[in-house]
Amino acid sequence: MTPAPLRVAVTGAAGQIGYALLPRIASGQMFGPDQPVILHLIEIPNEKAMAALGGVAMELEDCAFPLLQDMLCTSDINAGFKDVDWALLVGSKPRGPGMERNDLIKENGPIFVGQGKAINDHASSDCRTVVVGNPCNTNCLIAMHNAPDLPDANFSAMTRLDENRAKAQLAAKAGTHHTAVANMTIWGNHSATQFPDFENARIDGRPGREAIADVVWLETPFIKTVQQRGAAIIKARGLSSAFSAANALIDHVRDLREKTPDADWHSVAVCSDGSYGVPSGLISSFPVRADGKGGWAIVPDLPVSDFARERIDASVAELQQERSVIQELLG
Ligand code: NAD
Ligand code: LMR
């Protein structure tokens with residue numbers, strides 16, 4: 001029997017990431033080849049943005065995707081989040097060259113107050129919210145606080161792009177394929193302080209420090225490359241990453257819905273329960289396993305070396321600092 005359609009809201013649907021993301025959702029790559037979807041496409045109430053969104057909707061129609069049951073285009077967030085099962089919060093300003101992601105906090109943060117409230121009041125009572133718009137950890141914190149009726153566990157921010165980037169770098173250095181890299185944790189913030197944990201990663205089944213003998217590379221250029229990859233793409237393209245971000249969001253949602261293989265995990269920024277010394281309530285990236293029934297858990301008891309501890313603490317300190325800047329948006 002065909003399952004009932006899932007209602008999926010995407011904000012910033014006429015933007016770069018939206019353009020790369022929507023055909024992949026509508027063709028079944030996020031929710032599976034048997035799962036029909038109804039897309040709620042949300043943009044700002046601006047003539048140009050709504051005209052562009054109309055064009056995106058025409059293209060979706062022209063694909064005649066079998067799984068796409070219906071589509072709504074709106075700038076009214078209450079209508080946009082009505083009854084949705086998933087809210088994918090992409091819409092917000094990207095940074096330009098020379099900026100850090102948290103330079104966007106004053107401009108983008110307020111967006112997530114209204115969206116959090118609208119999700120709280122209008123979305124399905126089990127709606128899952130994923131924040132992509134930067135600075136995504138702190139924007140997720142804002143949305144979660146403004147949606148008090150939904151469980152905190154239903155909110156996450158995306159560090160999967162960083163995980164995928166780290167896997168690609170480690171695989172290239174080890175001379176293997178990126179599918180041979182597993183257990184890749186990004187700790188902390190989706191920012192230049194994140195710690196891509198090569199120590200707990202496995203490369204062809206071996207710990208990072210064993211598989212790659214070049215310690216200097218692991219401890220400095222590798223970490224820097226992952227931390228700065230977004231900036232490198234902006235410098236090269238003049239625009240921030242788009243299809244790799246959309247691809248990471250497909251991975252993020254799919255892997256939160258499917259059971260994670262016992263031997264692996266993925267990086268997800270979730271509300272801390274105090275694990276690994278990260279203060280409760282911060283949205284920080286952890287190693288996470290999903291149970292395939294809608295639940296997930298932070299992988300416990302991983303070894304954290306002094307080298308890792310110092311870096312995780314620095315990223316957490318940055319998250320605390322970001323929280324202090326937007327404290328008044330937390331309601
Ligand atoms: P873009 O400028 O191409 O598109 C953003 C779209 O969002 C625009 O169409 C804009 O009109 C819309 N928008 C702005 N405010 C909105 C609001 N309040 N409601 C609905 N729509 C709104 O940008 P992009 O390249 O698609 O990037 C979007 C965001 O994603 C940026 O903040 C970027 O930094 C972030 N990003 C995050 C990651 C990650 O790994 N977490 C990766 C890439 C990009
Ligand atoms: C990325 O990591 O590519 C995005 O967060 C965009 C950015 O500002 O770097």
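Okay, so let's go over this structure.

The rules behind each value
- Residues numbered from 1 in each chain as written.
- Chains lettered and ligands numbered in written order.
- Predicted model: local features only at pLDDT ≥ 70, side-chain atom pairs only at ≥ 80, totals over all residues.
- Heavy atoms only, no water.
- 1 Å grid on protein atoms, 1.4 Å probe; cavity = no way out; pocket = protein on both sides within 12 Å on 5 of 7 lines; lining within 4 Å.
- Points joined across faces, edges and corners; volume = space filled by probe spheres on them.
- Helix = DSSP H or I, 4+ residues; strand = E, 2+ residues; numbered from the N terminus.
- Nonpolar A, V, L, I, M, F, W, Y, C, P; charged D, E, K, R; others polar.
- Near = heavy atom within 4 Å.
- Polar contact = N/O pair within 3.5 Å; in protein donor to acceptor, adjacent residues only side chain to side chain.
- Areas by Shrake-Rupley, 256 points an atom, 1.4 Å probe, with all protein chains shown as cover.
- Contact = heavy atoms within 4.5 Å.
- Pairing = 2+ DSSP bridges.
- Domains from an automatic or database assignment.

Right, let's get into empty space enclosed by the protein. Tallied over the entire structure, the rule returns 1 cavity of 30 Å³ or more. Estimated volume of the largest cavity: approximately 60 Å³. If you trace the largest cavity, you find it lined by Arg160, His252, Asp255, Leu256, Thr260, His266, Val268, Val288, Arg289 and Ala290. Where the lining of the largest cavity is concerned, the elements lending two or more residues are α11 (243-257), β12 (266-271) and β13 (283-290). Tallied by class, the residues present in the lining of the largest cavity amount to 4 nonpolar, 3 polar and 3 charged.

This brings us to the site of ligand 1. Around ligand 1, 25 residues are found, and the nearest of them are Gln16, Glu43, Ser92, Val132 and Asn134. A distance of 3.4 Å separates a nitrogen atom of ligand 1 from a polar side-chain atom of Gln115. Protein burial of ligand 1: of its 870 Å² of free accessible surface, 86% is covered by the chains. Of all the elements in the fold, those that place two or more residues in the shell around ligand 1 are α1 (16-26) and α5 (111-122). Looking at side-chain class alone, the shell around ligand 1 contains 12 nonpolar, 11 polar and 2 charged residues.

With respect to the helices and strands, Ser315 occurs in helix α12 (residues 306-325). Reaching out from Ser315, the side chain makes a polar contact with the backbone nitrogen of Asn189 at a distance of 2.9 Å. Residues within four places of Ser315 in sequence aside, it is in contact with Trp187, Gly188, Asn189, Thr193 and Gln194.

This part is about the sheet that holds strand β7 (residues 181-182). The strands that make up a sheet are held in pairs by hydrogen bonds between backbone atoms, and each pair lies either parallel or antiparallel. Ordered in space as β7-β10-β11, the 3 strands form an open sheet in which the pairing is antiparallel. Looking along the sheet, the strands with just one partner apiece sit at the ends: β7 and β11 (206-207). Bridging between strand β10 (residues 202-203) and β11 involves 2 bridges; their strand directions are antiparallel. Following the sheet pairing, Ile203 is matched in β11 by Arg206.

With that settled, consider the layout of surface pockets. If you roll a probe as big as a water molecule over the atoms, it shows you where there is empty space left. If you add up the space inside the largest pocket, you get close to 880 Å³. Taken together, 41 residues form the lining of the largest pocket, with Val90, Gly91, Ser92, Lys93 and Pro94 sitting closest to its centre. Of all the secondary structure elements, the ones that give two or more residues to the lining of the largest pocket are α1, α2 (47-63), α5, α7 (160-174) and α10 (229-237). Its residues assigned to classes, the lining of the largest pocket comprises 19 nonpolar, 17 polar and 5 charged. Both of domain 1 (6-157) and domain 2 (160-325) provide at least three residues apiece to the lining of the largest pocket.

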